[in-house]
Amino acid sequence: MPKSTIGRPDTVVVAGGAGFLGSHLCEALLMAGHRVLCVDNFLTGTKANVEAFASHRRFRLIAGDICQPFDPGEPVDRVYNLACAASPPHYQADPVHTMRTCVVGTLNLLELTERNGARFLQASTSEVYGDPEIHPQTESYTGHVNCTGPRACYDEGKRAAEAMCFDYLRAGRADIRVARIFNTYGPRMHPRDGRIVSNLIVQALTGRPLTIYGDGSQTRSFCFVSDLVEGLMRLMEVDPAPDGPVNLGNPGEFTVIDLASMVLEMTGSRSPIVFRPLPEDDPKRRRPDIGLATELLGWRPAVPLRKGLAATIHHFAREAVLEEGATVP
Ligand code: NAD
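I will try to describe carefully the structure that is included in this document. This structure is a prediction, so every number in the text was calculated from the model and none was measured. (Residues numbered from 1 in each chain as written. Predicted model: local features only at pLDDT ≥ 70, side-chain atom pairs only at ≥ 80, totals over all residues. Heavy atoms only, no water.)

Let's talk about the overall build of the protein chain
Rule in force here: Here a helix means four or more residues in a row that DSSP labels H or I, a strand means two or more in a row labelled E, and each is numbered from the N terminus. C-alpha atoms define the radius of gyration in this analysis, and the globule rule sets the expected value at 2.2 Å times the number of residues to the power 0.38. For each residue, the accessible area found with a 1.4 Å probe, counting protein chains only, is set against the maximum for its type, and the residue is called buried under 20%, exposed over 50%, and partly exposed in between.
Looking only at helices and strands, the protein chain features ten helices and 13 strands. On C-alpha atoms alone, the protein chain measures out to a radius of gyration of 19 Å, which is about the 20 Å that the 2.2 N^0.38 rule sets for 329 residues. Dimensions along the principal axes, computed over C-alpha positions, put the protein chain at roughly 55 × 45 × 40 Å. Burial statistics for the protein chain: of 329 residues in total, 55% are counted as buried.

In structure tokens, the structure reads:
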């Protein structure tokens, strides 16, 4: 993991810290010298994700749901809110809980931030742009979201969370930052979370057909997790705070077919590709404009797709969990 640019011994809460991104963030914060309080309800995260540093003297794992008021019982300086299932099958399994996590959970963490005079970073998402009509998406684009569809619990929940963050900022109640995260991948992704990179890799490694939804011409951008974590930490520490959300993602654009071909080649798999109907509200194109992040944070992704895929394939190949891969969506 990259070292943070800032090495202060602050106490940092990472909500959702046992998840994919959260566990990498906890690790990077520990390496940068911070005390880390990880709170998670283990809905999609696991203790295995934090196992490598669970016994670190500056790490504390707290089992809890942010939908309940949360106070770790010690002063905190920074609060990262990454708590929320991020893949469609997981966030749609209990859509009301997803919405509650985004709205009530974010409010609880903003209250914690205000009580402590701390700084808050919300992990928002490119899903706030919905199925975008402009490419690439800049932060000023207000989005094209279906507020009654099956993805609305997540997309609209995240939009509501952003609204609350900026209300807290305007009222002078908390120092907040909002990252709009685009598709990120890497080791510790849930092998059965239904997201494209993990799906294709697990299918290739287990010799099952690679599933492509639609004709595969839809595009996605893929950011490697270490790049994303570096961007989050820079956004948290930049001063003064940006007065709006900041896109974080990799602007490289690949079709889903390109990605599948790369995975087949890199795993040496002979799996066939099968095509399935496109799910409702699935965006056709997604690519971040990261001009603002580059200007404000001096940040741009450094890990090329091939290199990031190699690390991710290596991770999944080692995982015993592949034995259960029969249920890969
Ligand atoms: P993830 O599902 O691996 O992690 C989410 C974590 O939050 C899990 O550990 C889960 O158990 C925990 N959680 C969920 N609801 C909770 C609750 N009510 N209380 C406490 N903990 C709860 O997903 P991820 O990919 O690591 O995503 C982390 C954050 O980043 C999410 O908020 C997601 O919306 C955002 N994000 C991720 C991506 C991506 O490509 N990975 C893209 C855009 C936004």
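Considerations on the environment of Ile 257
Short version of the rule: Whether two residues touch is decided by their heavy atoms; if any such pair falls within 4.5 Å, the residues are in contact.
Mapped onto the secondary structure, Ile 257 falls in helix H8 (residues 256-267). In this structure, the C-alpha to C-alpha distance between Ile 257 and Ile 212, residues 45 residues apart in sequence, is 7.7 Å. Filtering out sequence-adjacent residues up to four positions away, Ile 257 remains in contact with Ile 212, Asp 215, Gly 216 and Phe 275.

With respect to the pairing of strand E2 (residues 35-40)
What counts, and what does not: A pair of strands is considered paired only if DSSP assigns at least 2 bridges between the two. Convention used here: a crossover is right-handed provided that the path from the first strand, over the helix, to the second strand proceeds clockwise when the strands point away from the viewer.
With five of its six residues buried, E2 lies for the most part within the structure. The pairing of strand E1 (residues 11-15) with E2 spans five bridges and is classified as parallel. From the neighbouring strand, Val 13 faces E2, where its bridge partner is Leu 37. Handedness of the E1-helix H1 (residues 20-31)-E2 crossover: right-handed.

Describing the site of the ligand
Counted only if it meets this: Each residue is tested against the molecule or strand, and it is near if at least one of its non-hydrogen atoms lies within 4 Å. The definition of a polar contact used here is a pair of N or O atoms within 3.5 Å, where within protein one atom must be able to donate a hydrogen and the other to accept one, and adjacent residues in sequence count solely through side-chain atom pairs. Here the open area of atoms and residues is found with the Shrake-Rupley method and a 1.4 Å probe, where only the protein chains shown may cover a residue.
Contacts to the ligand come from 31 residues, most closely from Asp 40, Thr 44, Tyr 154, Thr 184 and Arg 195. Interatomic distance of 2.9 Å between a backbone N/O atom of Phe 20 and an oxygen atom of the ligand. A distance of 2.8 Å separates a nitrogen atom of the ligand from a polar side-chain atom of Arg 195. Here the ligand has 820 Å² of accessible area as a free molecule, and 97% of this is covered by the chains.

A closer look at H8
Note that an α-helix has 3.6 residues per turn; residues three or four places apart therefore point the same way. Condition: One less than the number of residues in a helix, times 1.5 Å, gives the span that helix is expected to have.
The end-to-end C-alpha distance of H8 is 16 Å, a good match for the 16 Å that twelve residues give at a rise of 1.5 Å each. On its buried side, H8 packs onto helix H6 (196-205), strand E8 (210-213), strand E9 (219-220), strand E12 (254-255), strand E13 (273-276) and helix H10 (305-318).

Digging into the pattern of salt bridges
We count it as follows: For salt bridges, the criterion is a side-chain nitrogen of Lys or Arg within 4 Å of an Asp or Glu carboxyl oxygen.
Overall, the coordinates contain 19 salt bridges when judged by the stated rule. For Arg 170, the salt bridge is made with Asp 167, and the minimal N-O distance between the two is 2.9 Å. With Arg 170 and Asp 167 both in helix H5 (residues 152-170) and three residues apart, this pair spans about one turn of that helix. The residue Arg 195 makes a salt bridge to Asp 193 at a minimum N-O spacing of 2.8 Å. The structure contains a network of salt bridges with shared partners spanning Asp 10, Arg 78, Arg 119, Asp 175, Arg 177, Glu 237 and Asp 239.

A word on the sheet that holds strand E5 (residues 119-125)
Here is the rule: Between N-to-C directions, angles cover 0 to 180 degrees, with each direction set by a line fitted to C-alpha atoms, over the stretch in contact for helices.
Ordered by their spatial adjacency, seven strands build an open sheet running E3-E2-E1-E4-E5-E6-E11, and the pairing between neighbours is parallel. The sheet is open, and its two edges are formed by strand E3 (59-63) and strand E11 (246-248), each paired on a single side. For this sheet, the mean inter-axis angle between neighbouring strands, taken without regard to orientation, is 20 degrees.

Regarding the nonpolar core
For clarity, the threshold we go by: What is meant by a nonpolar core is a set of buried Ala, Val, Leu, Ile, Met, Phe, Trp, Tyr and Cys residues, joined one to another through side-chain atoms within 4.5 Å.
Counting 59 residues, the largest nonpolar core has Tyr 80, Leu 232 and Leu 309 as its most contacted members. Ignoring sequence-local partners within four residues, the contact set of Tyr 80 consists of Val 12, Val 13, Val 14, Ala 15, Leu 25, Leu 29, Leu 121, Leu 232, Met 233 and Met 236. The next biggest cluster of nonpolar side chains, apart from the first, holds 22 residues, and it includes Val 13, Ala 15, Val 39 and Val 178.

Details of unusual backbone geometry
Residue Pro 136 follows His 135 across a cis peptide bond; omega there is -15 degrees. Tracing the sequence through the fold places Pro 136 in the loop between E5 and H5. Looking along the chain, the bond that leaves Asp 239 and enters Pro 240 is cis, with omega of 0 degrees. Note that Pro 240 resides in the loop between helix H7 (225-237) and E11.

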